[in-house]
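The chain contents come next:
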Protein chains: 2
Amino acid sequence: MVSVMDDAVPPAAAPKRRARQPRQATTERRAEILRAAANTFGSKGYKNGSLAEVAEQVGITHAGVLHHFGSKEQLLVEVLEYRDKEDVRDLEGQHIPGGLGLFQHLVRTARMNVDRPGIVQGYSVLTGESVTENHPARGWVTDRFRVLRGEIADAVIAVGEGKVSRETADCAASAIIGVMDGLQVQWLLDEDVDLPTSTQFAIEAILAAALLGDDRPHPLD
Amino acid sequence: MVSVMDDAVPPAAAPKRRARQPRQATTERRAEILRAAANTFGSKGYKNGSLAEVAEQVGITHAGVLHHFGSKEQLLVEVLEYRDKEDVRDLEGQHIPGGLGLFQHLVRTARMNVDRPGIVQGYSVLTGESVTENHPARGWVTDRFRVLRGEIADAVIAVGEGKVSRETADCAASAIIGVMDGLQVQWLLDEDVDLPTSTQFAIEAILAAALLGDDRPHPLD
DNA sequence: TCCCACTTACTGACAAGTCAGTAAGTTGTG
DNA sequence: CACAACTTACTGACTTGTCAGTAAGTGGGA
């Protein structure tokens with residue numbers, strides 16, 4: 001429960017018995033379980049998704065899953081870490097875009113997401129669930145939003161060539177993330193919503209407004 | 001399910017035994033339970049919120065709750081209907097705004113929401129949860145989005161005085177709803193996010209882009 | 001007016017199921 | 001042969017929902 005993960009920590013200065021490394025098949029097995037868990041938590045949610053369902057997908061029992069991960073909460077944490085690592089790996093070849101390239105990347109992502117509703121649902125469900133009391137993914141989701149906001153705000157400032165204030169950039173950044181997430185939910189519930197078109201429309205709109213600064217009209221004051 | 005609400009309908013030509021009206025205290029009691037359920041489902045989610053917790057808030061047992069509502073799912077459905085009725089009642093004095101007034105109303109709502117995080121959390125949790133498989137609130141959430149999109153798109157067209165196409169208005173409408181929902185989630189997780197300011201910023205930006213039509217720049221193509 | 005037939009609003013006990021987690025035993029592999 | 005990777009068997013905590021019973025209210029009729 002203190003989440004030290006005994007089996008993953010090589011015993012520092014092991015005295016008598018060295019902790020054996022896991023067999024080479026084990027790493028892949030754990031990855032299989034993580035993918036199954038991501039699938040289950042994505043479609044059912046963390047609370048409602050059961051270890052038994054995760055286990056069934058890889059042909060073992062729920063106790064087998066617990067053998068590898070110790071607890072359901074630890075499994076969730078590792079699913080999140082695994083997904084992060086995958087995202088990084090996907091972006092490895094391409095340099096991480098900044099400036100205008102970042103916004104193009106966001107729109108491209110929205111276009112890609114149309115073909116992987118499972119991923120989108122997993123993200124949406126977990127994000128929504130994370131605002132409930134004491135949810136184990138809350139910290140992860142919060143951090144993720146914070147990092148993303150920072151990167152997008154920097155990109156806004158870069159595109160604005162110093163003419164955009166930090167406050168405006170922060171506003172724009174949270175709005176861009178918000179509109180992407182919000183549109184995903186609507187699209188999951190109703191295919192009539194045009195996810196890529198609306199996403200591009202909104203990002204362009206927010207970016208344009210940020211670049212205009214205080215020169216733009218404020219009809220809602 | 002067709003929402004005829006038997007207990008409110010006086011029996012037309014009752015044959016032998018008239019179906020009595022509910023006692024006057026009953027209506028208020030049921031409303032108490034509905035408010036408690038909205039509270040619990042809002043903070044814990046529907047799946048994770050228990051009848052026992054709802055019951056405790058009004059000082060009865062979970063069986064007492066089931067006496068009134070028959071099943072947990074029916075309780076959820078009535079919570080949703082109750083909230084709809086409350087929303088309508090709140091807007092009764094003021095005429096439902098259209099055109100620019102609607103957008104001002106949306107921004108005002110965002111400002112008010114800062115002082116009622118419980119309501120916002122309930123909405124966010126339920127919306128996120130609704131995209132899971134076979135969720136009982138899915139239809140309600142989907143309909144709500146559809147209606148809202150229609151109203152906002154109409155308002156965009158009204159403000160644009162006929163110069164905005166239906167497709168653009170739809171894009172703008174879903175984007176506005178998306179950004180409002182998405183910002184709420186971020187704000188719930190991190191108070192640093194400025195909900196009203198970001199909301200107003202984004203709505204003005206999207207509205208401006210919609211009114212410009214194809215004349216605006218498309219830096220992301 | 002008072003009483004009887006009936007309904008409403010519960011309670012407490014329990015059924016039936018699901019869940020995470022544990023402990024002990026088995027198998028196969030390095 | 002020791003240990004990793006399981007399985008089987010089980011516990012205890014919680015779930016929703018059912019049921020019988022009870023006290024309190026309500027309306028109509030004598």
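Residues numbered from 1 in each chain as written. Chains lettered and ligands numbered in written order. Predicted model: local features only at pLDDT ≥ 70, side-chain atom pairs only at ≥ 80, totals over all residues. Heavy atoms only, no water.

An unreviewed UniProt entry lists chain A under the name TetR/AcrR family transcriptional regulator, from Cellulomonas humilata.

### A few points about the packing of helix 1 (residues 24-44) of chain B against helix 4 (residues 72-90) of chain B
All names here are of chain B. Note the following rule: Axes here mean lines fitted to C-alpha atoms, for a helix over just the part in contact, with angles spanning 0 to 180 degrees between N-to-C directions. By definition, any uninterrupted DSSP run of H or I lasting at least four residues is a helix, any uninterrupted run of E lasting at least two residues is a strand, and each is numbered from the N terminus. Working definition: roughly parallel below 35 degrees, roughly antiparallel above 145 degrees, roughly perpendicular at 65 to 115 degrees, and oblique for all remaining angles. Only heavy atoms matter for contacts: two residues are in contact if any of them lie within 4.5 Å across the pair. Classification convention: Asp, Glu, Lys, Arg as charged; Ala, Val, Leu, Ile, Met, Phe, Trp, Tyr, Cys, Pro as nonpolar; all other residues, Gly among them, as polar.
It is the contact of helix 1 with helix 4, at a shortest axis distance of 9 Å, that shows an interaxial angle of 100°. Classed by the angle they form, the pair helix 1 and helix 4 counts as roughly perpendicular. Taken together, the residues of helix 4 that come into contact with helix 1 (itself represented by R30, A31, I33, L34, R35, A37, A38 and F41) are K72, L75, L76, E78, V79, Y82 and R83. A class-by-class count of the residues in the contact of helix 1 with helix 4 yields ten nonpolar, no polar and five charged.

### Brief notes about the relation of the copies chain A and chain B
Relating the two copies of this chain is a rotation about some axis coupled with a shift parallel to it. Put simply, the test is: We place the copies in one frame by least squares, fitting the C-alpha atoms of every residue whose pLDDT is at least 70 in both.
The operation relating chain A to chain B is a screw motion whose rotation component is 180°, with 0.0 Å of axial translation and a residual RMSD of 0.1 Å. Expressed as a symmetry operation, the mapping of one chain copy onto the other fits a two-fold axis. Most of the interface of chain A is mirrored in chain B, where 100% of its interface residues again form contacts.

### Notes on the interface of chain A and chain B
How we decide: Once two parts are brought into contact, the accessible area they lose, counted with a 1.4 Å probe and summed over both, makes up the buried area. By salt bridge we mean one thing: a side-chain nitrogen of Lys or Arg within 4 Å of a carboxyl oxygen of Asp or Glu. Under this definition, polar contacts are N or O atom pairs within 3.5 Å; protein pairs additionally need one hydrogen-donor-capable and one acceptor-capable atom, and for neighbouring residues in sequence, both atoms have to be side-chain atoms.
Across the contact, 57 residues belong to chain A and 57 residues belong to chain B. Across the chain A to chain B interface the summed buried area is about 4800 Å²; carbon plus sulfur atoms make up 65%. Its largest share of buried area at the contact with chain B, chain A owes to L189, F201 and L220 of chain A, together 18% of the area lost on that side. At the boundary of chain A with chain B, the tally comes to six salt bridges. When the shortest N-O distance is used, the salt bridge between R149 of chain A and D190 of chain B registers 3.0 Å. Summed over the shared surface of chain A and chain B, the result is 21 residue pairs in polar contact (both at pLDDT 80 or more). Per-class residue counts for the side of chain A that touches chain B are 27 nonpolar, 19 polar and eleven charged.

### Looking at the protein's contact with DNA strand C
Short version of the rule: Here a residue is considered near a molecule or strand provided that any single heavy atom belonging to it is located within 4 Å of it.
Near DNA strand C lie 20 residues; those nearest to it are H62 and K72 of chain A together with T26, T61 and H68 of chain B. Take K72 of chain A: an N or O atom from its main chain is 2.8 Å from a phosphate oxygen of DNA strand C. Contributions of two or more residues to the surface near DNA strand C are made by helix 3 (62-69) of chain A together with helix 1 and helix 3 (62-69) of chain B. Looking at the surface near DNA strand C, the element that brings in the most residues is helix 3 of chain B, giving four residues. The residue makeup of the surface near DNA strand C, split by class, is five nonpolar, ten polar and five charged.

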